[in-house]
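The lines below spell out each chain.
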Amino acid sequence: MKPSPHPYSGPERPAPGLPARPGRRGFLGGLLATAAVAAAGPAHAAARPAPAPAPPTAPRATRPLLLGTYTSEAGGGIGTAAYDTATGAITPGSVITGVDNPSYLALHPSGSTVYAVAEQDAGAVTAVALAPDGTYEVLGSRPTGGSGTTHLSVHPSGRWLLSANYGSGSVAVHPVAEDGALGERTDLVTHSSPPPGPGQGGPHAHQIVTAPDGGHVLAVDLGTDTVYTYALDESAGTLTEVSRAALTPGAGPRHLAFHPDGRFAYLACELDNTLVVCAYDPATGALTPGPGQPTGTGSGTSYPSQPVVTGDGAYVYLANRGPNSLTRYVVEDDGATLRLLDTVPVGGDWPRQLALSPDSSLLFAANQRSSTVTVFGIGPDGSLTAVGDPFPAPVAVCVLPLP
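Residues numbered from 1 in each chain as written. Predicted model: local features only at pLDDT ≥ 70, side-chain atom pairs only at ≥ 80, totals over all residues. Heavy atoms only, no water.

## Quick notes on the side chain of serine 360
- Here serine 360 shows up in the loop between strand E24 (351–356) and strand E25 (362–367).
- Looking at serine 360, its side chain comes within polar contact range of the main-chain nitrogen of glycine 311, at 2.9 Å.
- Residues in contact with serine 360, not counting those within four places in the same chain, are Thr310, Gly311 and Ile378. (Helix = DSSP H or I, 4+ residues; strand = E, 2+ residues; numbered from the N terminus. Polar contact = N/O pair within 3.5 Å; in protein donor to acceptor, adjacent residues only side chain to side chain. Contact = heavy atoms within 4.5 Å.)

## Description of the pairing of strand E12 (residues 205–210)
- Counting buried positions along E12 gives six out of six residues, so the element sits mostly inside the fold.
- Across five bridges, the pairing between E12 and strand E13 (residues 216–221) is antiparallel. Directly across from isoleucine 208, in E13, lies its bridge partner alanine 219.
- Linking E12 back to E13 in an antiparallel pair, the connection comprises five residues, with glycine 214 at a positive phi of about 80 degrees. (Buried < 20%, exposed > 50% of the residue type's maximum accessible area, 1.4 Å probe, protein only. Pairing = 2+ DSSP bridges.)

## What about the sheet that holds strand E7 (residues 136–143)?
- Sheet architecture is open: four strands sit in the order E4-E5-E6-E7, paired in antiparallel fashion. Two strands in the sheet have a free side with no partner beyond their single neighbour: strand E4 (105–107) and E7. Taken over all neighbouring pairs, the strand axes of this sheet differ in orientation by 20 degrees on average, direction set aside.
- Pairing geometry for E4 and strand E5 (residues 113–118), over three bridges, is antiparallel. Bridge pairing links leucine 107 to valine 114 in E5. (Axes fitted to C-alpha atoms, helices over the stretch in contact; angles between N-to-C directions.)

## So, the sheet that holds strand E28 (residues 398–401)
- Judged by pairing direction, the sheet is antiparallel, and its four strands sit side by side in the order E3-E2-E1-E28 without closing on themselves. Only two strands of the sheet have a single partner each, and these edge strands are strand E3 (90–96) and E28. For this sheet, the mean angle separating the axes of adjacent strands, direction not counted, is 25 degrees.

## Quick look at the pattern of salt bridges
- Under the criterion given, the structure shown has eight salt bridges.
- Measuring nitrogen to oxygen at the nearest pair gives 3.3 Å for the salt bridge that ties aspartate 261 to arginine 263.
- Here aspartate 261 falls in the partly exposed class, since its relative accessible area comes to 36%.
- Taking the shortest distance from any N to any O, the salt bridge between glutamate 332 and arginine 339 comes out at 2.7 Å.
- Residue classification places arginine 339 among the partly exposed positions, given a relative accessible area of 42%.
- By sharing partners, the salt bridges in this structure join Arg254, Glu270 and Arg321 into a single network. (Salt bridge = Lys/Arg side-chain N within 4 Å of Asp/Glu carboxyl O.)

## Brief notes about the environment of aspartate 281
- Position of aspartate 281 relative to the elements: it lies in the loop between strand E18 (274–280) and strand E19 (287–294).
- For the pair formed by aspartate 281 and aspartate 213, sequence separation is 68 residues and the distance between their alpha carbons is 9.6 Å.
- Within polar-contact distance, the side chain of aspartate 281 engages the backbone nitrogen of alanine 283 at 3.0 Å.

## Concerning the layout of surface pockets
- Of the pockets and cavities examined, the largest pocket occupies roughly 1,300 Å³.
- What lines the largest pocket is a set of 38 residues, among which Tyr104, Val209, Gln306, Leu356 and Leu400 lie closest to the centre.
- Among the elements of the structure, E4, strand E8 (149–154), E12, strand E16 (253–258), strand E20 (304–309), E24 and E28 are those that each provide at least two residues to the lining of the largest pocket.
- Partitioned by chemical class, the residues of the lining of the largest pocket number 26 nonpolar, twelve polar and no charged. (1 Å grid on protein atoms, 1.4 Å probe; cavity = no way out; pocket = protein on both sides within 12 Å on 5 of 7 lines; lining within 4 Å. Points joined across faces, edges and corners; volume = space filled by probe spheres on them. Nonpolar A, V, L, I, M, F, W, Y, C, P; charged D, E, K, R; others polar.)

Structural measurements only, silent on function.
Structure (structure tokens):
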């Protein structure tokens, strides 16, 4: 979402998307079902030895893919699909209905429940159970106590759901029951200081994540140009601020991604067109931003949206919405340095969010204004190669490949 000096007024309006696919109950089973076909050869004379059987062909693996969208636009709910793990080809599925404006999605560590924000004036979070047989059940929604809920994540313990309210500049905590359902909110913290940055009418919490050490929760606020670090009380579900990192006024920090070793994070700043390497201290939760790195997109505002880090920590990719491109960096000095390698066209309009396949062999980009998902194969040198045609997905703002 682009920041605005005005109160939250709903999701960013993309170009008209494709019609929503009709919904139905039950989707993952249909996406992943495969059939084995056996062929019998002709009969042979007894005196002639039978030919050696051909080696079996391993079936090509497919995995589920979930898609976040805006039901207030052309989206019908949480879209479903399947992707080929070898080629990246996407096959459409049905739609999980009964979920409002699910513009961001997160999976429970168990894999049995997906959570969605409700990005609207009365912010909320929704739990959806995913059964092994492919059926689903909407378990219900809980208000976040803020407006414009734009991001959420599940604590590694699986017991707490964390959410960020962009419109009201606050972060919330909800307990997670054993069946994945959400309980009443246990905490709500509003970012009341420092004062909003240039052109901002107030705080705008854009992301909330747990650091790899599991002991601290970080909230990125675009409106105050600050990343707040909290300690989560895992018994009470409450947040206590322990540190804050100040970015350059007007930088507009949006999303960060941690290096796998947990000592560095890479922070996309959408207003000053930079990616900032931040040192992180697991003992204290302190985040220390370094100088902003260029995005390689030239002059003009590139509105970088989200960085992702490969599983081996070797490469970082950044989506740039202005020029509709992807920037590739190589990670050096054990995570402390990024070196810009190149940029490639994303193949769509306004890449809102990126996601890697679980093995980091594929990169998915959700392109909001073109209502498409584009897929890239990742080479041994981190190079990106577009695979297949853009996949039509109404108002695609989030893509979540499942393990």
